[in-house]
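One letter stands for each residue in the lines below.
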Amino acid sequence: MVNHEVLPGKNNAAALGHNQPVVLNRNHNIVIAQNHDGMEMGQAHEQDALLGQGHDGQNDDPQYDEQENGLSMEEKPDHDIQDVHLRADSSELDMSDHNHLAMSESQDLDDNLELAVIQHEDMGMDSMHDMDLHQSLVVTPAHILQQRTLAIGPSYELHVGQEFTDVKACRRALRDTAIALHFEMQTIKSDKTRFTARCASEECPWRIHAAKLPGVPTFTIRTINDTHTCGGISHLGHQQASVQWVANSVEQRLRENPNCKPKEILEEIHRVHGITLSYKQAWRGKERIMAAMRGSFEEGYRLLPQYCEQVKRTNPGSIASVYGNPTDNCFQRLFISFQASIYGFLNACRPLLGLDRTFLKSKYLGTLLLATGFDGDGGLFPLAFGVVDEENDDNWMWFLSELHNLLEVNTENMPRLTILSDRQKGVVDGVEANFPTAFHGFCMRHLSESFRKEFNNSMLVNLLWDAAHALTVIEFEAKILEIEEISQDAAYWIRRIPPKLWATAYFEGTRFGHLTANILESLNTWILEASGLPIIQMMECIRRQLMTWFNERRETSMQWTSILVPSAERRVAEALERARTYQVLRANEAEFEVISHEGTNIVDIRNRCCLCRGWQLYGLPCAHAVAALLSCRQNVHRFTESCFTVATYRKTYSQTIHPIPDKTLWMELSEGDPTGSQCAEMTINPPKSLRPPGRPRKKRVRAEDRGRVKRVVHCSRCNQTGHFRTTCAAPI
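Residues numbered from 1 in each chain as written. Predicted model: local features only at pLDDT ≥ 70, side-chain atom pairs only at ≥ 80, totals over all residues. Heavy atoms only, no water.

Per an unreviewed UniProt entry, the protein carries the name SWIM-type domain-containing protein and comes from Salvia splendens.

Q: Now, about the overall build of the protein: what can you tell me, with residues and values included?
A: Helix and strand counts for the protein stand at 22 helices and 23 strands. Out of the 732 residues belonging to the protein, those deemed buried represent 48%. (Helix = DSSP H or I, 4+ residues; strand = E, 2+ residues; numbered from the N terminus. Buried < 20%, exposed > 50% of the residue type's maximum accessible area, 1.4 Å probe, protein only.)

Q: Explain the nonpolar core to me, using residue names and the numbers behind them.
A: Residues Leu334, Leu355 and Ile605 are the most contacted members of the largest nonpolar core, which totals 94 residues. Counting residues per element, this core draws most heavily on helix H16 (residues 535–557), at 8 residues. In this structure, Ile605 is in contact with Glu589, Ala590, Phe592, Trp615, Ala628, Leu629, Cys632 and Phe639, ignoring residues within four places of it in sequence. In this structure, Met444, Phe451, Ala467 and Ala470 belong to the second largest nonpolar core, which totals 24 residues. (Core = buried A, V, L, I, M, F, W, Y, C linked by side-chain atoms within 4.5 Å. Contact = heavy atoms within 4.5 Å.)

Q: Go over the pairing of strand S22 (residues 599–604) with me, naming the residues and quoting the values.
A: Direction of pairing for strand S21 (residues 591–596) relative to S22: antiparallel, over a ladder of 6 bridges. Along S22, the bridge assignment pairs Val594 with Asn601. Two elements, S22 and strand S23 (residues 609–610), share 2 bridges in a ladder whose sense is antiparallel. Bridge assignment links Asp604 to a residue of S23, and that residue is Cys609. In sequence, S22 turns back onto S23 through a hairpin of 4 residues, with Arg608 there showing a positive phi of about 55°. (Pairing = 2+ DSSP bridges.)

Q: Break down the sheet that holds strand S8 (residues 163–164) for me, with residues and values.
A: The sheet built from 5 strands is open, its strands ordered S8-S12-S11-S10-S9 with antiparallel pairing. Lying at the two open borders of the sheet, with one neighbouring strand each, are S8 and strand S9 (185–190). By the bridge criterion, 6 bridges tie strand S11 (residues 207–212) to strand S12 (residues 219–225) in an arrangement that is antiparallel. Its bridge partner lying in S12, Ala211 is registered against Thr220. Together, S8, S9, strand S10 (194–199), S11 and S12 form the strand contacts of helix H2 (residues 167–180), whose direction differs from that of S9 by roughly 165°. (Axes fitted to C-alpha atoms, helices over the stretch in contact; angles between N-to-C directions.)

Q: I'd like to hear about the packing of helix H12 (residues 458–469) against helix H13 (residues 473–486), residue by residue, with values.
A: One can describe the packing of H12 onto H13 by two numbers: an axis separation of 8 Å at closest approach and a directional angle of 165°. The orientation of H12 with respect to H13, classified from their angle, is roughly antiparallel. In the packing of H12 onto H13, the handedness of the crossing is left-handed. Across the interface between the two elements, Met459, Leu460, Leu463, Leu464, Asp466 and Ala467 of H12 pack against Phe476, Lys479, Ile480, Glu482, Ile483 and Ile486 of H13. (Parallel < 35°, antiparallel > 145°, perpendicular 65-115°, else oblique. Left-handed = near helix turned anticlockwise from the far one by under 90°.)

Q: Outline the packing of helix H17 (residues 566–579) against helix H19 (residues 623–631), listing residues and values.
A: For the pair H17 and H19, the least separation of the axes is 8 Å and the interaxial angle reads 70°. One finds that H17 runs roughly perpendicular with respect to H19. For H17 against H19, the interelement crossing comes out right-handed. Touching Ala575, Leu576, Arg578 and Ala579 of H17 are Ala623, Val626, Ala627 and Leu630, all from H19. Split into classes, the residues belonging to the contact of H17 with H19 amount to 7 nonpolar, no polar and 1 charged. (Nonpolar A, V, L, I, M, F, W, Y, C, P; charged D, E, K, R; others polar.)

Q: Account for the pattern of salt bridges, with residues named and values stated.
A: In the structure shown here, the tally under the stated rule is 19 salt bridges. Across the pair Asp429 and Lys425 runs a salt bridge, and its minimum N-O distance is 2.8 Å. Pair noted here: Asp429 and Lys425 are both in helix H10 (residues 425–434), with a separation of 4 residues, about one helical turn. Judged by relative accessible area, Asp429 falls into the partly exposed class, the value being 27%. By relative accessible area, Lys425 is classed as partly exposed at 42%. The closest approach of N and O atoms between Glu482 and Lys479, which form a salt bridge, is 3.8 Å. You can see Glu482 and its partner Lys479 sitting in helix H13, 3 residues apart, about one turn around the helix. Lys479 sits in the partly exposed class, given a relative accessible area of 25%. The network of salt bridges with shared partners includes Lys189, Asp191 and Arg194. (Salt bridge = Lys/Arg side-chain N within 4 Å of Asp/Glu carboxyl O.)

Q: Quick one: what's the story with unusual backbone geometry, residue by residue and with numbers?
A: The backbone phi angle of Arg423 is positive, close to 55°, even though this residue is not glycine. With respect to the element layout, Arg423 can be found in the loop between strand S18 (418–421) and H10. Positive phi outside glycine occurs at Arg633, with the angle close to 55°. Locating Arg633 in the fold gives a position in the loop between H19 and helix H20 (646–652). Judged by relative accessible area, Arg633 falls into the exposed class, the value being 79%.

Q: Go over H12 with me, naming the residues and quoting the values.
A: When the terminal C-alpha atoms of H12 are compared, their 17 Å separation across 12 residues agrees well with the 16 Å that a helix rising 1.5 Å per residue should span. When H12 is considered as a whole, its buried residues turn out to be Leu460, Val461, Leu463, Leu464, Ala467 and Ala468. One side of H12 holds all its buried residues, which, seen down the axis, span an arc of 160°. In this structure, the buried side of H12 is in contact with helix H11 (444–455), H13 and helix H14 (488–495). (Expected span 1.5 Å × (residues − 1). Arc of directions from axis to C-beta.)

Q: If you had to explain the sheet that holds strand S15 (residues 352–359) to someone new, which residues and values would you point to?
A: Spatial strand order, S13-S14-S17-S16-S15-S18-S19: 7 strands in an open sheet with mixed pairing. Across the chains shown, the open sheet's two edge strands, defined by having one partner strand only, are strand S13 (319–324) and strand S19 (439–442). If you compare each strand with its neighbour and ignore which way they point, the axes differ by 20° on average. Across 4 bridges, the pairing between S18 and S19 is parallel. Bridge pairing links Ser421 to Phe442 in S19. On top of the sheet, H16 reaches strand S14 (331–337), strand S16 (367–374) and strand S17 (380–388); it is set at about 170° to S17, its chief contact.

Q: Let's hear about the pairing of S9: which residues, and what values?
A: Note on strand geometry: in a regular strand, side chains alternate between the two faces of the sheet. Here 5 bridges tie S9 to S10, and the two strands are oriented antiparallel to one another. Residue pairing in the sheet places Ser190 in a bridge with Phe195 of S10. Here S9 folds back onto S10 in antiparallel fashion, the turn holding 3 residues.

Q: Go over the packing of aromatic side chains, please, and point to the residues and values.
A: Taken as a whole and assessed by the stated rule, the structure comprises 21 aromatic pairs. For the ring pair Phe455 and Trp493, a centre distance of 6.4 Å and an interplane angle of 90° mean the geometry is edge-to-face. With a gap of 38 residues between them, Phe455 in helix H11 and Trp493 in helix H14 connect regions that are remote in the sequence. Residue class for Phe455 comes out partly exposed when judged on its relative accessible area of 22%. Residue Trp493 is classed as buried on the basis of its relative accessible area of 9%. Site record: aromatic cluster; members linked through ring pairs are Tyr323, Phe335, Trp396, Trp398 and Phe399. Positioned above the aromatic ring of Phe442, the side-chain terminus of Arg423 is 5.7 Å from the ring centre. Looking at Arg571, its charged tip hangs above the ring of Tyr618, at a distance of 4.1 Å from the centre. (Phe/Tyr/Trp six-rings, centres within 6.5 Å; stacked < 30°, edge-to-face > 60°. Lys NZ or Arg CZ within 6 Å of the ring centre and 35° of its normal.)

Q: Describe in detail the environment of Ala468, supporting the description with residues and values.
A: Within the secondary structure layout, Ala468 lies in helix H12. Considering only alpha carbons, one finds Ala468 and Ile480, 12 residues apart in sequence, at a separation of 9.9 Å. Excluding anything up to four places from it in sequence, Ala468 contacts Met444, Trp502, Ala503, Thr504 and Leu515.

Written out as structure tokens, the structure reads:
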């Protein structure tokens, strides 16, 4: 390599005599740390060795350096390192706490040495020309001969003849230099052949001119006046700190941690570069990097037809369809259900479905509709997902129609479905049109929330739940009377909702103890995170979660040695414990009278029912039924619903949700497939709904309004008071 000299500034404390060679043995390390105020960037033009800089927000990869500065390792001469000269005005060596110099004079430099120049990670700069640098010159033995070991990083040294790969690389290098040295730059001329800029301060003589070399895209610096008289910028921002610069600065961090917040980005830029930017710049910079990593929101909608085709190709038997507006091809609806979910629900899950929705937080908003079943152990079993541009009656009717088409292939083998929802009008109409024989009840989560908003009394809410759990009509009425004693308005509010839609004592379907669909609460940890992603990324997040669930639950069930799933085993064990104290009288081969301290109950083991209704409602023998079965030496496990057995549970998750290849391979995988070619030609545009700019408005309660009696509102749908039409939950 050509002769390299490390020239510290005039205030540097480490100094040797002029031209005194420093020759290091292979077992010696030399570490030179420069004083905080020792080196001015304008005095380092004589430095021939480009020092690699590594700090937060920068990439030390040589390929990155080539793109950013137009410099690559291949362009540097590959000669042997001859010597390192340290020059300074003083011949004394002043060692600070951070400066360590270990060397052996007049020793030959071993050929196997590796020169690595590393800049300290924490680099702080004041608002003037000085930079606080902690640089280390470390010499370590190399293990591979004839290898370029000097990693060239971004350098803020500009000199005549310096070359850049193109005009963009030239502009980037000048921009980074201006930010690092804390002066603002004004572009005078910038085109494909020339680039001229000067210091933004009118009186400052700093000026640079670069031009394109003939026949190649390379740019080179022709003239430069590197003297600054302006003193640098006096404010905390920087004109050259654009959104793209922010994106480049934090790209590596965002790739490692996509959940990094804009506030954290601002703190890092201030710590590393000493400048303060706006929150919007950090947010836009992050969005730009995230779009490059995961694709833009617009690209997500455009690739939806191809994504649906890949879902069906990798998971045969799955349903994936996308619909756009016929007039402008704007996105309207997406429906996806994986074959593994369809098989598990139809063949092993309880005949119970919960319907729910959550609003998306992405750029174009929309609503995610969910249909979820329950496995034998009570776990959620997502069956189908729908994404619509907005929640309305038509979209709910479409979603339930798709759900009916999915299930109708095997509906003759299934018992009557029980569906739980918030029973808003669109859902009620959709269920009646597509599942006319199903039992459709209220999800108690929605009902109790409405009740809480109306009366804001935790005692009343608890009594409402007790009434919903009551197994008999007598118990139900007793709880309603307790509510009436506290508030007659609350009792009236409850009584106007038919109890057969929500109370266990009156409900005609089989809910297996599930009063709520409980979808969003259980999926809250990851479904909300996915709701802000582009649509394909959101669906992929959901698919990966399902794929993981299926595998984990499949492997867990293989370790079970019992007949029933753990939750059912516990319930039966509790019933066995209570049944030992009951007295059983047998009427015939199927009918029994069970006497306990609670009273007398009649059990029919042939029809699997008990007067307490626990056996019918939960699908597992109650304590009275267990007592009757034990008295006639019957196996209790044989009288449980099949969905509670371990064998059926394993069947629920027996199928696999397969991964989907990266989008870069979709076109190649679809070659020769006419359906894939049609999907590639199909265009889906983003929906017309767009998230409004700025932070969402919050409803604030003024101090003077606290304690004021609320205005009584009237519903134009059910003619009742206490709510509006938009929040009305009353059946029509």
